[in-house]
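# Residue-level structure breakdown
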Amino acid sequence: MATTAALALAGGALANPELLFLQQDPAQWAFTSRTYNGWRYSPLNQIHTGNVRNLRVAWTFALGIQEDGVEGEPLVVGNLMFVVAPWPHQVYALDLRDGSIRWIYEPKLNDAAKAVTCCGLMQRGWAYADGKLIFNTVDGQTIALDAQTGKEVWKTQVGDIGKQEVMTAPPLVAGNNVIVGMAGGEFGNRGWVTALDLKTGQIRWRAYSTGPNEEMLIGPRFKPFYDQDKVPNPGVSTWFGDSWQRGTGTTWGYMTYDPELNLFYYGTSNGGPWNPKYRVDPSDPDPTKWTNKYVASVLARDATTGELIWAYQFTPQEQWDYDEVGPFLLVDLRIGGQVRKALLYAARNGFFFVLDRTTGEVLSATPYTLVNWASGYDLRTGFPIFDRAKMHIYTRGLIQGICPAWIGGKNYEPPAYSPRTGLVYFTTANLCMDQEALDVEYKPGERYVGMRQVAKLSPTGNHRAEFVAWDPVNQRRIFTIKEPSFVRSGVLATAGDLVFYHTLDGWFKAVHARTGEVLWQFRTGSGSYANPITYLGPDGKQYMAVLVGSKAAVANVPIDQEDVRYGFVGKYQRRGNYLFVFSLP
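Rules used throughout
- Residues numbered from 1 in each chain as written.
- Predicted model: local features only at pLDDT ≥ 70, side-chain atom pairs only at ≥ 80, totals over all residues.
- Heavy atoms only, no water.
- Disulfide = S-S within 2.5 Å.
- Buried < 20%, exposed > 50% of the residue type's maximum accessible area, 1.4 Å probe, protein only.
- Helix = DSSP H or I, 4+ residues; strand = E, 2+ residues; numbered from the N terminus.
- Pairing = 2+ DSSP bridges.
- Axes fitted to C-alpha atoms, helices over the stretch in contact; angles between N-to-C directions.
- Salt bridge = Lys/Arg side-chain N within 4 Å of Asp/Glu carboxyl O.
- Polar contact = N/O pair within 3.5 Å; in protein donor to acceptor, adjacent residues only side chain to side chain.
- Contact = heavy atoms within 4.5 Å.

## Here's the deal with the state of the cysteines
- Taken as a whole, this structure holds two disulfides when the rule is applied.
- Paired through a disulfide, C118 and C119 show a sulfur-sulfur distance of 1.9 Å.
- With relative accessibility at 40%, the residue C119 sits in the partly exposed group.
- Sulfur-sulfur distance for the disulfide between C403 and C432 comes to 2.0 Å.

Following this line, the structure appears as structure tokens:
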């Protein structure tokens, strides 16, 4: 069904050699998705379908933070595990031999960031390279610590809190570059990615999602696949007037990297404001003309220079808050008798995409959930077939029953890919929405949204989430698990033919990767927005680890109220963040 891409060492001279080596070692977890290709797959198989029912708690660790929920995942390098807490971002190095604290680092933060952060005061991951632990802070700093001692090596202020530029995404280390993104798409920002020198923290380049070619790092190497994308100065000409200056396209998600091509891939957020009338010609709002590049898109850039090589926009003129911030899975697939270097993505807009990652050509785009804003995609043009009745540029007032809801069929939660099954595993939210466009005036420092929305359960059922196994070649579901509560954690696949995920009502589950049978589950006492990992301990045993703790606002839902956005989490959890580590007896 598929030929899988082994991590490339040949041709990877521009990659970071230490990270390439560590990613070959299944004992360790040194990168946010373990490998550059984003698979979140481990070759470890001590824990497998035949014995996972015996999994038990080995040890736990309390982060001591109640400010917000925890995201991201622990990193394991050598005999140390690294965890970055939510605000105020204490960093812990834990000794794997007994779970004790080796060192703690506490950064100095700007409290002004709290008021301008949209959706939580946490980090979605951190990085290890060159003997350093590297992480971003919500207030816009990138910090590198000596991984053995916790001493600060360098610190760089990258985001501008005065412009509401906050940072929640994990860094990507490629070669000698540390590449970081930013959040703040509710404040009329202009998204960017920035590269810092791995050794010094000095800023090397910055590339914007919108604007003039020189600011987007568009040059002669930029070769988009589709004709409608081959327009002069796309970051300006596809926007009405100067609206590109407030266009967002922030970069608050995950990045993946192909060492052979030396390209890194990342996604961009919503258009700004959400109400599209401020980004189009009111007398001619045609979405084929005013596409607003490059919001709700995937961009492929040279990891050394930052040059834009190609880009594809999933939702032109994005107007439903369909951020498309990844992560993108890099897999070599046999499609139509030909092996293609593919990029796989379950988009927030409800379609599962298979693209050629060398060119940006869309090979398939298939709904994986209920979708009604578009009936499909024209693969000759790469353009969606819109339903005008669901578009705010054509329909005034309240639009009811737009599917999926603004948090998407699938949000930012990382999927997993197993080379053993050839399947992609991800979670979906079973929600639609009613939405109404509102007038809004841009005022620096204030929210710039212009939209009111209410989520509601999809007519497909009263479950709030689904866990999906998807065949990317034949474009179909293999199995589905319906969940009464939401699933906001990432997914982990292993060579033991297991897939792990965590529900928002507190269950950590192991599923048979081929059949969908739930083989084991453990009640952690809180939901999780974080991503499970697995590693080999100093004793040679395989361990599973997951960070647990929901966002503060979610954990404070009254126990006698049922919120359609979050299910019944108020009955099952309060504030607090913990690390759970599991092993076999």
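## Re the pairing of strand β22 (residues 362-367)
- The element β22 is largely enclosed, with a buried count of five among its six residues.
- In this antiparallel pair of consecutive strands, strand β21 (residues 351-356) and β22, the connection spans five residues, and G360 shows a positive phi of 90 degrees.

## Here we look at the sheet that holds strand β5 (residues 91-95)
- Spatial ordering of the open sheet is given by β3-β4-β5-β6, a layout of four strands whose pairing is antiparallel. This sheet does not close on itself; its edge strands, each paired only once, are β3 (75-77) and β6 (101-105). Within this sheet the neighbouring strands show an average axis-to-axis angle of 20 degrees, counted without direction.
- In terms of strand pairing, β3 meets strand β4 (residues 80-84) through three bridges, oriented antiparallel. In the strand pairing of β4, V76 is matched with M81.

## What about the pattern of salt bridges?
- Inspection of the entire model under this criterion finds 29 salt bridges.
- Across the pair R340 and D356 runs a salt bridge whose closest N-O atoms are separated by 3.0 Å. Here R340, found in strand β20 (residues 338-346), pairs with D356, found in strand β21; they are 16 residues apart in sequence, far enough to count as distant.
- For D356, a relative accessible area of 8% translates into the label buried.
- Where salt bridges share partners, they join D95, R97 and R102 into one cluster.

## Let's talk about the side chain of D302
- Summarising the element assignment, D302 is placed in strand β17 (residues 297-302).
- Under the relative-accessibility criterion, D302 is labelled buried at 8%.
- For D302, the side chain forms a polar contact with the side chain of N262, separated by 3.5 Å.
- Those residues in contact with D302 that lie beyond four places of it in its chain are W205, R221, N262, L263, F264, E307 and I309.

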